[in-house]
Amino acid sequence: MASGVQNEKTYPVQKSEAEWRAELSPQEFHVLRQAGTERPFTGEYVDTKTEGVYACRACGVELFRSEAKFESHCGWPSFYDPKDSDAVELIEDRSLGMVRVEARCANCGSHLGHVFEGEGYPTPTDLRYCINSVSIKLAPAAG
């Protein structure tokens with residue numbers, strides 16, 4: 001099991017475990033606060049093409065724009081770049097016997113997913129931010 005969100009850093013949004021549990025569904029809490037992962041191809045945003053902004057489901061800060069979302073066929077929503085480079089924090093993750101890069105919300109420290117590089121996707125950054133649907137909330141563009 002993943003190690004969970006560590007509290008070695010102080011984030012702008014600070015809440016106790018009890019407050020997070022009261023605000024989030026059990027699945028949201030497991031993924032966002034315990035660094036869990038939703039099953040592939042089950043999240044609500046895997047195939048979404050709606051234009052808008054994806055925000056952290058825990059604190060509401062804007063993380064990704066639909067323009068940076070792409071089809072990776074990996075089972076989770078994939079983005080090649082965060083909306084604001086400071087919105088997503090990258091941390092080395094040595095859980096599960098692997099070395100990966102974890103993506104967290106820089107505002108509240110919630111687990112979003114992982115970032116992979118050099119997989120050959122035709123994107124401007126050669127990065128794949130593999131994000132759990134349950135970690136984000138889409139605000140559709142006005143139109």
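No experiment lies behind these values; they were computed from the predicted model shown.

K.L.:
Break down the overall build of the protein chain for me, with residues and values.
P.N.:
From N to C terminus, the protein chain includes two helices and nine strands. Listing the helices and strands of the protein chain from first to last along the sequence gives α-α-β-β-β-β-β-β-β-β-β. Over its C-alpha atoms, taken along the principal directions, the protein chain stretches across nearly 40 × 40 × 30 Å. The buried share among the 143 residues of the protein chain stands at 48%. Restricting to contacts in the protein chain with at least 6 residues of sequence separation, those with at least 24 account for 56%. Total accessible area on the protein chain is roughly 7600 Å²; 49% of this is exposed by carbon and sulfur atoms. Side chains of the protein chain give 15 positive and 22 negative charges; the mean places of these two sets differ by 4 Å.

K.L.:
Give a description of the side chain of Arg 100 that names residues and reports values.
P.N.:
Topologically, Arg 100 is positioned in strand β6 (residues 100-105). Looking at Arg 100, the relative accessible area reads 17%, which means it is buried. Within the structure, the side chain of Arg 100 is placed 3.3 Å from the side chain of Ser 95, a separation counted as a polar contact.

K.L.:
An account of the environment of Gly 60 is needed here, citing residue identities and associated values.
P.N.:
Summarising the element assignment, Gly 60 is placed in the loop between β1 (52-56) and β2 (62-65). A C-alpha to C-alpha distance of 9.5 Å links Gly 60 and Cys 108, two positions 48 residues apart in sequence.

K.L.:
Explain the environment of Thr 125 to me, using residue names and the numbers behind them.
P.N.:
On the secondary structure map, Thr 125 appears in the loop between β7 (111-117) and β8 (127-131). Through-space distance from the C-alpha of Thr 125 to that of Tyr 80 is 6.1 Å; in sequence the pair is 45 residues apart. For Thr 125, the residues in contact, after removing those within four places along its chain, are Tyr 80 and Asp 81. A polar atom in the side chain of Thr 125 sits 3.2 Å from the backbone nitrogen of Leu 127.

K.L.:
I'd love a proper account of the sheet that holds β6, names of residues and values included.
P.N.:
Here we have six strands laid out as an open sheet, ordered β3-β4-β8-β7-β6-β5, and antiparallel in their pairing. Each end of this open sheet is capped by a strand with a single partner; those strands are β3 (69-70) and β5 (88-93).

K.L.:
Which residues make up the confidence of the model for the protein chain, and what values go with them?
P.N.:
Summing up the model confidence of the protein chain, the mean pLDDT is 91 and the portion of residues at 70 or higher is 94%. Here residues 1-7 scores under 50 on pLDDT; set against residues more than four positions off or in separate chains, the count is 20 contacts.

K.L.:
So what's going on with the sheet that holds strand β9 (residues 136-140)? Which residues, and what values?
P.N.:
The three strands are arranged β2-β1-β9 in an open sheet whose pairing can be described as antiparallel. The sheet is open, and its two borders are formed by β2 and β9, each paired with just one other strand. Averaged over neighbouring strand pairs, the angle between their axes works out to 30° when direction is ignored.

About the criteria used
- Residues numbered from 1 in each chain as written.
- Predicted model: local features only at pLDDT ≥ 70, side-chain atom pairs only at ≥ 80, totals over all residues.
- Heavy atoms only, no water.
- Helix = DSSP H or I, 4+ residues; strand = E, 2+ residues; numbered from the N terminus.
- Buried < 20%, exposed > 50% of the residue type's maximum accessible area, 1.4 Å probe, protein only.
- Contact = heavy atoms within 4.5 Å.
- Areas by Shrake-Rupley, 256 points an atom, 1.4 Å probe, with all protein chains shown as cover.
- Lys, Arg positive; Asp, Glu negative; His and termini not counted.
- Charge placed at Lys NZ, Arg CZ, Asp CG, Glu CD.
- Polar contact = N/O pair within 3.5 Å; in protein donor to acceptor, adjacent residues only side chain to side chain.
- Pairing = 2+ DSSP bridges.
- pLDDT = per-residue confidence, 0-100.
- Axes fitted to C-alpha atoms, helices over the stretch in contact; angles between N-to-C directions.

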